[in-house]
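# Examination of the molecular architecture
Spelled out, the chains give:
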Amino acid sequence: MFVLTEFEDIVKINPSLFSHDLEQSIVEFLNKKLANKVVPNIGLCIVLFDLLEIGDSFIFPGEGSHHTKVTYRFVVFRPFMNELITGKIKSCSPEGVQVTLGFFDDIQIPTACLQHPSRFDEDEQVWIWEYDNQGSNHSLFMDVGEKIKFRVASEMFMETSPDVKTSENKSIPENKVPYLLLGSINEPGLGVAKWWDGM
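Everything quoted here is computed from the prediction, not taken from an experiment.

Rules used in this analysis
- Residues numbered from 1 in each chain as written.
- Predicted model: local features only at pLDDT ≥ 70, side-chain atom pairs only at ≥ 80, totals over all residues.
- Heavy atoms only, no water.
- Pairing = 2+ DSSP bridges.
- Helix = DSSP H or I, 4+ residues; strand = E, 2+ residues; numbered from the N terminus.
- Contact = heavy atoms within 4.5 Å.
- Buried < 20%, exposed > 50% of the residue type's maximum accessible area, 1.4 Å probe, protein only.

### Observations concerning the sheet that holds strand β2 (residues 38–39)
The four strands lie next to each other as β1-β4-β3-β2, forming an open sheet whose pairing is antiparallel. At either end of the open sheet lies a strand with only one pairing partner, and these are β1 (2–13) and β2. Taken together, the 11 bridges between strand β3 (residues 43–59) and strand β4 (residues 66–77) define a ladder with antiparallel strand orientation. By the bridge assignment for β4, Asp50 is matched with Arg73.

### Here's the deal with the environment of Val11
Inspection of the secondary structure puts Val11 in strand β1. What Val11 contacts, discounting residues up to four positions off in sequence, is Ile26, Phe29, Leu30, His66, His67, Thr68 and Val70.

### Looking at the pairing of strand β14 (residues 179–184)
Among the six residues in β14, five count as buried, and that is most of the element. Where strand β7 (residues 107–110) lies against β14, two bridges are found, and the strand directions are parallel. For Ile107, the partnering residue across the bridge sits in β14 and is Leu181. Across six bridges, the pairing between strand β11 (residues 147–157) and β14 is antiparallel. In the sheet register, Ser154 faces β14, and the bridge partner there is Leu182.

As structure tokens, then:
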């Protein structure tokens, strides 16, 4: 689920920080720049793991800040395909089930990847698996807040822009998310955890 990814970067340190420890200033700069940010085709950056190399610092003519080339490793959230993950149901809609891990909410289980047969209850706003137990039908609910185990089926990285202009020249935010995971629960042992308790 988490991987260590190596990066190279040029860190700019302002003159006001020259009296501070250089390594600590670099750590703070990199965490501020990358923590909780999605890097396309890399994943969601969580926290700096370590600094591998700190190069020489240079001050460019006409600028007071110094620039230092660093090589470092960041803890990145990027599950591998078919990995089994346990999260919590955040919401349900006719399009499927949204799952949260607490620090990451952009996980969707589309309707085609739910247990079959399942139906969406408009009044309760939940999905229900109509489980057939040797001719006896049971309605198993996917309630918000329940623990759910799913298999990572695919991932999508999307470019996002800050806003979109309407015909009235008003800015509205785009609904795209930069990193989306698609999951599946359509197999034995997956889905709401309490379904399988005691089996």
